[in-house]
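Here's the letter readout for the chains.
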Amino acid sequence: MPGDKSGYHFRDALRLLFILTQGSASMVAPDTARGFDHVFEGEKRAMALDFLIRYPDYLANDLLELYELEGDPQLLDAVGTIFRDGEPDLRVIYMVRWSFGAFEPLETAVAILEARGLVRAVKVNIGGQDRHDFLVGPGAREFLERAVREQPQLAWYEKQVALALRVWGKSSGSAVKGAQYEHPEYRNTPRGSVIPSIKDRVLERFERLEGAAR
Amino acid sequence: MNDLPGGIPSVSITAWRQAVATRANADVATVERVLRAYSVEAAPVLPRPRTLCIRSISFLGQKSGTQSKGAIAFEWNDLGSGVWALLSDRNLRGKSSVLAIMRAAVQGRFPGEIKPDVWLWLSTVNVEFQIDQTRYRVSVLKNSGEKSIEKSIVRLSRFQGDLSVDLYSGSLGDDFEQHVSSLFATELGIQPFFAYNSRIGAAHPHEWAAIASALFLIHPDQKMIFGDNVVDALPLRLLQMFMGLPWVSTHTAAQANAKAIEAKLEQARSDGRRSLNQRKVRLDQLKEREGQIEDGLQHLPDRVELRRMMAEKDAELLSVQEEVLAALPVSEAAANASREAERATLERRRELLQLEHDVAAGYVFRKLRPVCCPACEADIDGARFKSRPQSTCTLCGTEAPPPEDSGEEEISEIRRDIKEAERTVEDLRRQAKRARDNYHSAIERRTRVSEEIRSIAQALSGDEGGILEKELIGIKARIEELELVPEPEREKIEYEVDLRVLAAAAVESKEVFDELQRSVLVKVAAKMLEYSSAFGVQNLESMEFDQGGKLKIKQGSAQTFFGSLAPGERLRVRIAAALAVVGVSRETGYGRHPGLLVLDAPGAQEVVQYDLEKMLAAVSDTVASTDGFQIIIGAVARPEFLDVVPAECRKQVTGDSYLF
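Residues numbered from 1 in each chain as written. Chains lettered and ligands numbered in written order. Predicted model: local features only at pLDDT ≥ 70, side-chain atom pairs only at ≥ 80, totals over all residues. Heavy atoms only, no water.

All names here are of chain A. Within this structure, the stated rule accounts for 51 salt bridges over all chains. The salt bridge partner of Asp12 is Arg15, with a shortest N-O separation of 3.0 Å. Placement of the pair is Asp12 and Arg15 together in helix α1 (residues 9-22), with a separation of three residues, close to one helical turn. As far as burial versus exposure is concerned, Asp12 and Arg15 are alike and both buried. Residues Arg205 and Glu68 are paired through a salt bridge, measuring 2.6 Å at the closest nitrogen-oxygen approach. Placement of the pair is Arg205 in helix α11 (residues 199-213) and Glu68 in helix α3 (residues 56-70), with a sequence separation of 137 residues. (Salt bridge = Lys/Arg side-chain N within 4 Å of Asp/Glu carboxyl O. Helix = DSSP H or I, 4+ residues; strand = E, 2+ residues; numbered from the N terminus. Buried < 20%, exposed > 50% of the residue type's maximum accessible area, 1.4 Å probe, protein only.)

Written out as structure tokens, the structure reads:
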């Protein structure tokens with residue numbers, strides 16, 4: 001909630017690193033000198049995926065959408081876990097809506113990651129428009145493995161990012177964000193206000209689909 | 001009452017009315033009103049004897065439908081008092097028709113006893129009769145072959161000297177009969193008299209035509225001494241009237257009307273009893289149903305108890321509703337408090353999780369040394385970490401950076417907070433549950449009480465008990481109504497006074513003439529005995545009128561009655577009775593018998609076996625000694641008649657000839 005304490009920089013940096021690492025693809029020309037072989041394309045995409053990690057109920061809704069398309073029971077199980085573990089209440093990290101939707105600057109987290117040589121932010125020009133990409137490499141992957149090994153509770157982020165990518169894959173930031181705008185609760189949130197939960201509605205949908213699946 | 005000489009009672013009309021009033025326990029005005037209403041007239045006057053005799057009879061006509069067709073004509077003139085005979089050698093030669101025409105004229109009733117074929121033949125009829133010194137004539141003109149009396153013309157004329165007056169001129173029928181009746185009522189002093197007829201249940205007057213029938217003995221099988229009508233105690237009334245007793249008409253009118261009222265009252269009583277009986281039957285039915293319903297209701301819920309319960313449940317519902325209203329905000333407040341605490345706890349747990357993740361992330365991150373500056377991204381020399389004391393940051397040089405486990409302390413603190421918050425939440429949940437339970441319990445009670453009220457209302461309104469109870473109310477009302485209604489009025493009040501007055505008038509008038517009647521009847525009976533014996537009735541020992549005017553005869557030591565006599569004997573006694581009444585009347589100076597007797601066929605087979613000559617001689621002697629008595633006899637001609645009835649007093653055809 002608005003009372004959310006800012007300053008959990010390491011947590012935020014780690015969450016972002018999971019996103020950037022898991023959402024990256026191999027580079028055509030790896031920077032072997034600096035140890036970066038994968039690239040995560042688009043800051044907007046990173047922010048849109050981050051919103052789904054911060055709001056497990058929105059992620060749950062996207063998983064149900066996909067379930068309705070594919071009928072993969074693992075998707076339904078994943079949603080069940082989200083609700084069973086109370087994630088929409090306990091894991092939510094509220095965001096304020098600004099002119100372009102949910103937004104929180106990534107600079108601090110990126111600085112923490114860059115200072116440790118885990119990520120390198122790069123600016124590329126695509127069709128005349130600048131885009132911020134993030135380079136990651138074996139250092140980051142090894143770091144995350146170690147982190148999960150040493151601090152198992154952090155594995156949740158890995159799992160959550162995997163689920164978000166199961167839904168959205170390589171979709172652009174605009175596509176992911178556009179889907180979020182489909183939710184009236186999100187769309188209608190006044191600027192400067194915290195984006196509300198859609199937990200009850202998604203839970204109801206989940207129970208209905210789960211009931212139908214039995 | 002003062003007796004007149006000769007034992008004849010006398011009472012004034014005023015005294016008589018007073019006596020009636022006293023006996024009836026009414027005032028005189030009431031007596032007068034009632035007597036007037038029922039046409040009961042005080043008749044204290046002794047009537048003067050009058051005489052009626054046939055003076056002539058003639059008729060013309062045209063025979064048809066028989067073997068001897070042609071004109072008919074009959075004429076018999078100059079009749080007067082004494083014995084007159086209408087004779088033919090054979091029967092069926094027209095005697096009865098001549099006598100029937102006489103009777104029709106005297107009664108004013110055509111065709112009367114005239115045979116239909118003879119009536120058709122007739123075209124002109126003239127009958128003259130005389131009352132005392134005044135002569136009258138009845139002239140009928142009709143077309144021969146015409147049956148209808150409406151198409152006949154009749155004239156009733158009176159002759160005094162050379163002066164003749166038409167008293168009536170018109171068609172035959174009721175009007176003419178009324179005129180004749182009126183004539184005789186006036187001339188003979190004979191008023192129509194009332195008699196009660198049980199068949200029609202009313203008193204009705206007997207007109208002259210009925211009275212006149214007593215003068216014509218033309219039916220051989222007649223069983224009455226006077227007249228040919230056995231109904232309405234007519235023979236006794238005729239006898240009383242012929243005897244000329246005072247107050248008789250008063251008595252008969254009062255008695256006949258009293259009887260009519262009694263009959264009416266009896267009918268009303270009978271109706272009343274029937275109505276009473278019907279009411280009793282209905283009451284019994286209603287009471288039986290009342291019992292059934294009350295029994296039935298005993299096996300059904302007590303409706304009084306149900307209503308009491310309803311009131312109780314109403315009050316309970318009100319109370320429970322208040323509980324519901326009071327419990328709701330308590331429950332909501334407790335629930336809100338619980339939810340708020342849960343939310344706060346959840347928030348704290350979320351905070352804890354975020355912190356833990358941050359600490360965990362910090363733990364792994366701190367193991368990495370910065371490789372470049374976060375600001376300029378310039379590479380950091382590894383020697384830099386060795387030149388700095390551990391109490392300062394390698395990059396920014398900040399003194400005493402937070403120990404790596406500083407988060408742990410905060411985590412512990414939050415965990416303590418959470419535990420405490422969870423206890424609070426637990427408490428609040430319990431409180432909220434209690435409040436909620438209270439609320440739901442109140443709701444449940446309210447639902448239960450509402451349900452009870454609904455079922456009681458249903459039991460009270462729609463069930464068998466309700467229907468029965470409503471029916472019971474109706475039945476009780478009807479029973480009460482039937483028990484309250486008085487017995488049907490028997491018209492008692494309306495007729496009571498009338499009946500008392502009329503009964504008293506009958507008694508009072510009878511008392512006046514009763515003694516006189518007895519003495520006159522004794523005289524009449526004595527004369528009848530004398531004449532009857534003289535006329536040939538054998539072995540007569542005594543004759544006596546009983547209270548009802550019935551003639552008791554002792555014949556050969558045996559008690560018998562007039563009706564039981566042989567036909568020939570009845571004829572003799574009947575002649576004797578008429579002569580006796582007239583004879584006594586002539587002796588006493590009062591009476592109403594007009595001294596006319598017309599007999600048909602006394603010489604018929606049943607009479608002839610007796611000594612007809614002796615009888616006729618005796619009759620003739622008696623008639624001769626009875627002033628102003630005319631007897632006309634129609635009979636088959638026998639030699640005996642020729643000796644007894646002078647030639648000028650006979651109208652006779654011989655051989656097979658017809659009288660007309």
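Here the narrative resumes.
With that settled, consider the pairing of strand β17 (residues 630-636) of chain B. Residue and element names in this part refer to chain B. Of all seven residues in β17, seven are buried; the element is thus mostly enclosed. Looking at chain direction, strand β5 (residues 82-88) and β17 are connected through seven bridges and run parallel. Among the inter-strand pairings, Val83 is bridged to a residue of β17, identified as Ile631. (Pairing = 2+ DSSP bridges.)

All names here are of chain B. Two elements, strand β14 (residues 551-555) and strand β15 (residues 558-561), share four bridges in a ladder whose sense is antiparallel. Bridge pairing links Lys554 to Gln559 in β15. Hairpin geometry of β14 and β15 is characterised by an intervening segment of two residues between the two adjacent antiparallel strands and by a positive phi of about 55 degrees at Gly556.

All right, on to unusual backbone geometry then. All names here are of chain B. A cis geometry characterises the amide bond from Phe110 onward to Pro111, with omega recorded as -5 degrees. Its location among the elements puts Pro111 in the loop between α3 (95-107) and α4 (116-121). With a phi angle near 55 degrees, Asn25 is a residue other than glycine that sits in the positive phi range. Residue placement: Asn25 occurs in the loop between α1 (13-24) and α2 (28-37). One non-glycine residue with positive phi stands out, namely Asn539, at about 60 degrees. Here Asn539 falls in the exposed class, since its relative accessible area comes to 56%.

Side chains of nonpolar character tend, in soluble globular proteins, to be buried together. Phe110, Trp208, Met528, Ile575 and Ile631 of chain B are the most contacted members of the largest nonpolar core, which totals 142 residues. Per-element tally for this core: the top contributor is helix α13 (residues 492-534) of chain B, with 16 residues. Residues Leu76 and Val194 of chain A together with Ala361 and Val364 of chain B belong to the second largest nonpolar core, which totals 70 residues. (Core = buried A, V, L, I, M, F, W, Y, C linked by side-chain atoms within 4.5 Å.)

What follows concerns the packing of aromatic side chains. Throughout the structure, instances matching the rule amount to 20 aromatic pairs over all chains. Measuring from centroid to centroid gives 6.4 Å for Trp76 of chain B and Trp84 of chain B, while their planes differ by 70 degrees, and the two rings are edge-to-face. Neither Trp76 of chain B nor Trp84 of chain B differs from the other in exposure class; each is buried. A network of ring pairs unites the aromatic residues Phe51, Tyr55, Tyr58, Tyr94, Tyr181 and Tyr186 of chain A as a single cluster. The positively charged end of Arg91 of chain A is found above the aromatic ring belonging to Trp156 of chain A, 4.6 Å away from the centroid. Between Arg93 of chain B and the ring centre of Tyr658 of chain B, over which it is positioned, the NZ or CZ distance is 4.4 Å. (Phe/Tyr/Trp six-rings, centres within 6.5 Å; stacked < 30°, edge-to-face > 60°. Lys NZ or Arg CZ within 6 Å of the ring centre and 35° of its normal.)

Quick look at the sheet that holds strand β1 (residues 25-31) of chain A now. All names here are of chain A. The strand order across the open sheet formed by four strands is β1-β2-β6-β5, and the pairing between neighbours is antiparallel. The outermost strands of the open sheet, each flanked by one partner alone, are β1 and β5 (119-126). Adjacent strand axes in the sheet meet at a mean angle of 40 degrees when their direction is disregarded. Here strand β2 (residues 36-40) runs beside strand β6 (residues 129-136); their pairing, made up of three bridges, is antiparallel. (Axes fitted to C-alpha atoms, helices over the stretch in contact; angles between N-to-C directions.)

Counting residues at the interface gives 27 residues for chain B and 33 residues for chain A. In total, about 2700 Å² of surface goes out of reach between chain B and chain A, with carbon and sulfur atoms giving 60% of it. Between chain B and chain A we count one salt bridge in total. Its salt-bridge partner being Glu150 of chain A, residue Lys367 of chain B comes within 2.9 Å of it at the nearest N-O pair. Per element, the largest residue contribution to the side of chain B that touches chain A is 18 residues, and it comes from helix α9 (residues 303-366) of chain B. (Contact = heavy atoms within 4.5 Å. Buried area = accessible area lost by both parts, 1.4 Å probe.)

Keep in mind that these numbers describe shape and distance, not what the molecule does.
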